[in-house]
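So you can see what is in the structure, the chains are spelled out below.
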Amino acid sequence: MFAEFCITSNFTFLTGASHPEEYMDRAALLGLSAIAIADQNSVAGIVRAHTKMRDIARLVQERAEIEARDGVIGPPCPAHIQPPPSQHITNVPRLIPAARLCFSDGIEATALAANRQGWALLCRLLTTGRTRAEKGACDLRLSDLPDDMTGLILILHPTPQTQHPPRGAHDWLEQAQQLTRRLPRDTYLALSPCYDGQDTQRFDHHAQLAQSLHIPTIASAAPRMHHGTRRRLADVLSAIRTGTRVDKLGRNSLANGEQRLRSGADMHKILGPHAAAIARTADLLETCQFDLSSLRYEYPSEITQDETPTERLARLSQEGLRWRYPTGAPDKVRAMLDHELALIAKLKYEPYFLTVRDIVDFARSRDILCQGRGSAANSVVCYCLGVTSVSPEIGTMVFERFVSEARDEPPDIDVDFEHERREEVIQHIYERYGRHRAGLCATVIHYRGKRAIREVGTAMGLSQDTIGALSSQLWGFFSAKGLEASRMREIGLDPTDRQLQLTLQLVYEIIGFPRHLSQHVGGFIITEGRLDELVPIENATMEERTVICWDKDDIDALGILKVDVLSLGMLTCIRKAFDLIERHHGPNYSLATLPPEDPRVYDMLCQADSIGVFQVESRAQMNFLPRMKPRNFYDLVIEVAIIRPGPIQGDMVHPYIRRRNGEEEVTFPSDELGAVLGKTMGVPLFQEQAMQIAIIGAGFSPSEADRLRRSLATFKKHGNVSEFRNRFMKGMRANGYDEDFSARCFSQIEGFGSYGFPESHAASFALLVYASAWIKCHHPGIFACALLNAQPMGFYAPAQIVRDAREHGVEVRPVCINASFWDNMMEPDENGGLALRLGFRQIKGIREEDASWITAARGNGYHSVRDVWRKAGLSPEILTRLAEADVFADTGQARREAQWDTKALAKGPELPLFARDLDGEAIFEPKTRLPAMTLGEHVVEDYVSTRLSLRSHPVALLRHILTPNACGGRARGLAPSGA
């Protein structure tokens with residue numbers, strides 16, 4: 001049996017030409033006993049191979065059970081899981097965790113983790129090299145190797161210079177001798193072919209080299225691709241990496257397609273008299289017993305203090321219950337809390353809940369508004385701990401959607417924080433737990449259509465005009481739709497051109513390939529022990545950020561828990577609005593204490609008066625609100641979820657509205673599905689309902705339902721929902737459901753494959769919809785002020801927000817040098833109300849530091865541009881921007897006059913020698929008479945400087961030429977040019 005230990009996958013970015021999953025599939029087909037994905041200074045791709053190994057093992061077992069029961073092999077399984085032809089697979093290859101360590105000393109060696117200790121050592125080594133260098137690089141030195149390397153096995157890779165080693169500090173042979181003396185029994189030398197006609201001599205030389213080092217040789221094909229058909233793509237990747245064209249690659253290109261994954265028989269033919277190195281792979285495999293499945297995640301424990309986790313969670317939950325229900329909690333809620341606490345204790349998840357509560361408690365202590373969402377809204381415990389403000393009594397949510405004993409998976413809590421202050425929370429986590437115990441998840445950036453066209457086209461020598469034309473035809477994230485032959489002809493390209501055809505083939509092939517690692521938006525891994533012994537840690541691009549090399553799917557596959565520390569602009573807006581309400585009106589509101597079910601709020605939403613309101617401010621939502629006519633909180637839950645790809649693609653929107661308006665009878669396909677669809681009038685709108693239909697209606701097993709749930713992940717890079725279609729339709733048909741209903745249900749499920757929206761998630765967002773709508777309804781000026789201070793966010797520009805506020809009767813006052821601050825503020829008006837005063841943040845090019853100097857030196861007020869210059873010490877460039885925004889109107893200086901004064905200051909400081917004449921009299925320059933600006937000029941300058949104008953709408957200046965009878969009926973012709 002042969003095991004391949006030195007595989008380079010496409011997670012050695014722009015080098016390897018095959019996915020880890022493809023290597024595992026191919027290894028199973030070739031009959032290899034094991035493989036090791038050994039990417040350069042990285043273990044980023046091995047979890048994907050591990051997941052594929054488990055899928056193959058499960059399918060082989062299922063097929064064996066079918067054959068044992070029926071005497072025949074069952075029907076073929078989906079091609080994306082089953083390595084074709086699966087009937088030839090008799091064994092499942094093992095995966096050996098590994099990495100190819102490239103030391104700056106000149107040594108390269110594949111490091112295999114033989115046991116858990118070896119894996120911890122490998123992760124610590126990679127962390128050392130990665131955190132020493134910038135993002136994406138690794139500076140690893142032989143001196144970083146610890147004295148005790150137990151559990152680590154090294155396979156040395158000779159360099160081309162080993163036959164005539166150079167003299168000096170980086171002498172390969174000298175370094176190799178030092179290394180083998182430290183690890184004599186666990187070091188091998190790789191015999192790897194280069195397929196250049198000199199392999200026989202090379203093997204002889206390397207065997208002699210191994211003898212001089214007193215280490216054995218071991219066979220490896222050192223593949224860069226799983227199959228020879230990827231040779232062209234490998235060259236394209238090399239061209240992209242080196243920044244050259246394929247026809248200019250020279251020695252960087254592959255000589256042939258032979259550097260691929262090999263079977264044991266192939267390796268015997270290649271190695272010839274050195275075939276003993278193949279047998280050693282089986283001996284080495286016996287030594288390597290570590291499996292990624294054995295990794296155990298442990299929750300942080302310091303947050304339990306002097307209590308056990310169970311006692312602390314129970315105590316905090318009971319305290320929260322009294323806080324949430326001052327007059328006493330309903331029996332139903334108490335029963336739900338007891339049930340949840342019992343299940344959490346059984347699964348030992350208490351430290352996780354306490355960790356999240358600790359993070360949320362820190363945020364609240366700093367007055368940072370936060371809100372848990374997603375499945376956490378199903379939990380009374382999360383509600384009592386203050387993690388979420390949505391009571392799970394809403395709708396049909398159940399705790400098992402969040403934590404399930406049958407599913408045996410850790411819970412996943414997403415918490416949104418104010419987008420301006422989330423970094424405080426992130427740095428608190430690093431400080432509290434240490435960077436060796438906390439890190440952000442990675443996000444794998446994959447090739448999408450436009451990037452693939454741009455980079456592959458450049459590597460293939462296409463002109464930039466051609467690349468631009470091809471890119472303009474693409475639509476969709478991970479597809480190359482729009483590049484059909486007919487479209488090529490329409491844009492003037494010849495689809496039969498050989499170079500263009502080859503380029504498009506490579507574009508299709510590279511889509512979905514990993515390009516590089518980025519950081520997750522907020523997924524934190526926090527551990528009890530050292531995180532850098534569980535997975536390597538590296539630097540992120542942002543300062544003070546460190547990340548792990550695995551993404552969300554990887555840690556889910558390994559059962560590792562994360563906390564999503566996310567940001568949300570609307571939370572910033574709501575918190576600032578609450579502060580303004582408390583300052584000017586007295587009440588201190590929170591998300592949980594807002595007056596519920598206010599009819600005026602729903603009246604406003606029914607009129608589609610929702611500019612700036614969270615989630616319902618888009619044109620699609622504004623068009624739908626008058627049809628939906630929401631009258632209670634659960635209507636908002638449906639409103640949030642219904643204008644989504646799933647319900648729209650599944651044609652569920654119109655049937656729901658017709659039933660809601662009484663235009664169609666509310667019916668249920670069956671009594672069983674009636675219990676699932678009752679709250680939504682028989683129409684499936686939520687992700688949970690789609691899953692329940694599959695289980696109840698189509699007869700999915702729990703394991704099938706779990707795979708369906710996974711395929712519903714948001715923006716799944718390789719969505720596989722459609723593979724369930726035949727199984728779903730057959731099951732629905734067998735249970736007597738209408739074909740049209742079944743097709744629409746599955747169409748909705750496919751929509752969720754692109755963007756899923758569970759009921760619990762919609763409920764959390766609906767609370768923010770209600771909170772933002774309530775503030776706008778009762779305090780439109782404060783809402784506009786907070787919205788402007790929270791920019792950039794939402795759909796609307798400041799000009800539209802200000803216009804909407806004025807339409808609601810809010811007096812909006814311009815930026816003023818003597819009245820404005822950095823933020824927009826509310827100030828008393830002449831009628832006992834409040835007016836909105838625009839702040840310096842609305843002016844382009846003004847920093848908060850500049851505004852601070854203005855307000856700190858203002859005293860009793862400024863009287864001129866020169867006065868601001870003298871007191872605040874601002875540069876003439878900043879004063880020019882202020883003058884362009886007309887902030888000096890309060891001093892009696894018109895915009896143009898203030899700009900004139902700033903130009904005088906820009907010439908240089910005033911010198912005392914030239915301040916007086918020869919007789920000692922002060923010199924006064926006569927005031928320049930400047931022409932007054934027209935209204936149109938003022939409006940243009942307003943938009944240039946502050947992106948809005950309080951004087952007039954631009955179209956109002958053109959209305960006289962846009963009226964139907966203006967210009968002798970030529971309004972239609974003049975409108976475009978006039979506008």
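The structure contained in this document is the topic of the report that follows. (Residues numbered from 1 in each chain as written. Predicted model: local features only at pLDDT ≥ 70, side-chain atom pairs only at ≥ 80, totals over all residues. Heavy atoms only, no water.)

## A look at the sheet that holds strand E12 (residues 514–526)
The strand order across the open sheet built from 7 strands is E9-E10-E15-E12-E11-E14-E13, with neighbouring strands paired in mixed fashion. Only two strands of the sheet have a single partner each, and these edge strands are strand E9 (370–373) and strand E13 (537–539). For this sheet, the mean angle separating the axes of adjacent strands, direction not counted, is 45°. Bridging between strand E11 (residues 438–446) and E12 involves 8 bridges; their strand directions are antiparallel. (Pairing = 2+ DSSP bridges. Helix = DSSP H or I, 4+ residues; strand = E, 2+ residues; numbered from the N terminus. Axes fitted to C-alpha atoms, helices over the stretch in contact; angles between N-to-C directions.)

## A word on the sheet that holds strand E8 (residues 217–219)
Strand pairing within a sheet occurs via backbone hydrogen bonds; the two strands may be parallel or antiparallel. Reading across the sheet, the 5 strands line up as E4-E5-E6-E7-E8 and stay open at both edges, with mixed pairing between neighbours. The outermost strands of the open sheet, each flanked by one partner alone, are strand E4 (98–102) and E8. For this sheet, the mean angle separating the axes of adjacent strands, direction not counted, is 35°. Sheet strands in contact with helix H4 (residues 172–182) are strand E6 (152–156) and strand E7 (187–191), and its direction is about 160° off that of E6. Sitting on the sheet, helix H5 (residues 199–213) touches E6, E7 and E8, and the angle it makes with E7 is about 170°. (Contact = heavy atoms within 4.5 Å.)

## A look at the nonpolar core
Counting 127 residues, the largest nonpolar core has Trp119, Phe353 and Trp550 as the members making the most contacts within it. When residues in this core are grouped by element, the largest group, 8 residues, is from helix H11 (residues 350–365). Leu594, Ala698, Val868 and Ala883 belong to the second largest nonpolar core, which has 117 residues in total. (Core = buried A, V, L, I, M, F, W, Y, C linked by side-chain atoms within 4.5 Å. Buried < 20%, exposed > 50% of the residue type's maximum accessible area, 1.4 Å probe, protein only.)

## Focus on unusual backbone geometry
Among all residues save glycine, negative phi is the norm, and among peptide bonds the norm is trans. The amide bond that connects glutamine 791 to the next residue, proline 792, takes the cis arrangement and shows omega of 5°. Mapped onto the fold, proline 792 is located in the loop between helix H31 (780–789) and helix H32 (798–807). The residue tyrosine 195 is not glycine, and still its phi comes out positive at about 60°. Counting through the fold element by element, tyrosine 195 comes out in the loop between E7 and H5. Given a relative accessible area of 14%, tyrosine 195 falls into the buried group. Even without being glycine, alanine 608 reaches a positive phi, approximately 60°. If you trace the backbone, alanine 608 turns up in the loop between helix H20 (599–606) and helix H21 (619–628).

## What about the packing of aromatic side chains?
All told, the structure shown has 10 aromatic pairs when counted by the stated rule. When the centroid spacing of 5.8 Å and the interplanar angle of 25° are considered together, the rings of tryptophan 119 and phenylalanine 290 count as stacked. A residue pair is termed long-range when its members are at least 10 positions apart, and tryptophan 119 in helix H3 (residues 116–132) and phenylalanine 290 in the loop between helix H8 (276–287) and helix H9 (309–324) qualify at 171 residues. Side by side, tryptophan 119 and phenylalanine 290 carry an identical accessibility label, which is buried. With a centroid separation of 5.9 Å and an interplanar angle of 75°, the aromatic rings of tyrosine 352 and phenylalanine 353 are classed as edge-to-face. Taking relative accessible area as the criterion, phenylalanine 353 reaches 1% and is therefore assigned buried. Ring pairs connect the aromatic residues Trp119, Phe290 and Trp550, which therefore count as one cluster. The aromatic ring of tyrosine 383 is capped on one face by arginine 324, whose charged end is 4.3 Å from the ring centroid. Over the aromatic face of tyrosine 430 sits the side chain of arginine 435, whose NZ or CZ is 4.0 Å from the ring centroid. (Phe/Tyr/Trp six-rings, centres within 6.5 Å; stacked < 30°, edge-to-face > 60°. Lys NZ or Arg CZ within 6 Å of the ring centre and 35° of its normal.)

## Here we look at the environment of alanine 222
Mapped onto the elements, alanine 222 comes out in the loop between E8 and helix H6 (231–242). For alanine 222, a relative accessible area of 14% corresponds to the buried category. In the structure, alanine 222 is positioned 215 residues away from isoleucine 7 in sequence and 5.6 Å away in space, judged by C-alpha atoms. What alanine 222 contacts, discounting residues up to four positions off in sequence, is Glu4, Cys6, Ser192 and Gln259.

## Describing helix H37 (residues 935–946)
Its 12 residues place the ends of H37 16 Å apart at the C-alpha level, agreeing with the 16 Å of an ideal helix rising 1.5 Å per residue. When we look at burial in H37, the residues that qualify are His938, Val939, Asp942, Ser945 and Thr946. For H37, the angular spread of the buried residues around the axis is 140°, confining them to a single face. Following H37 by one or two positions, arginine 947 has its phi on the positive side, about 65°. (Expected span 1.5 Å × (residues − 1). Arc of directions from axis to C-beta.)

## Quick word on the side chain of aspartate 414
Within the secondary structure layout, aspartate 414 lies in strand E10 (residues 413–418). On the accessibility criterion, aspartate 414 (14% relative accessible area) is buried. In this structure aspartate 414 touches Gln371, Gly372, Arg373, Asp564 and Leu566, once residues within four positions along its chain are discounted.

## Some words on the state of the cysteines
Applying the stated rule across the entire model yields 0 disulfides. You can see cysteine 123 has no disulfide; the closest cysteine sulfur is in cysteine 549, sitting 7.5 Å from it. (Disulfide = S-S within 2.5 Å.)

## Section: helix H7 (residues 264–271)
For H7, the set of buried residues is Gly264, Met267 and Leu271. Each buried residue of H7 sits inside an arc of 60° when the element is viewed along its axis, so together they form one side. Its buried side turned inward, H7 meets E7, H5, E8 and H8. Just downstream of H7, glycine 272 is the residue with a positive phi angle, here 60°.

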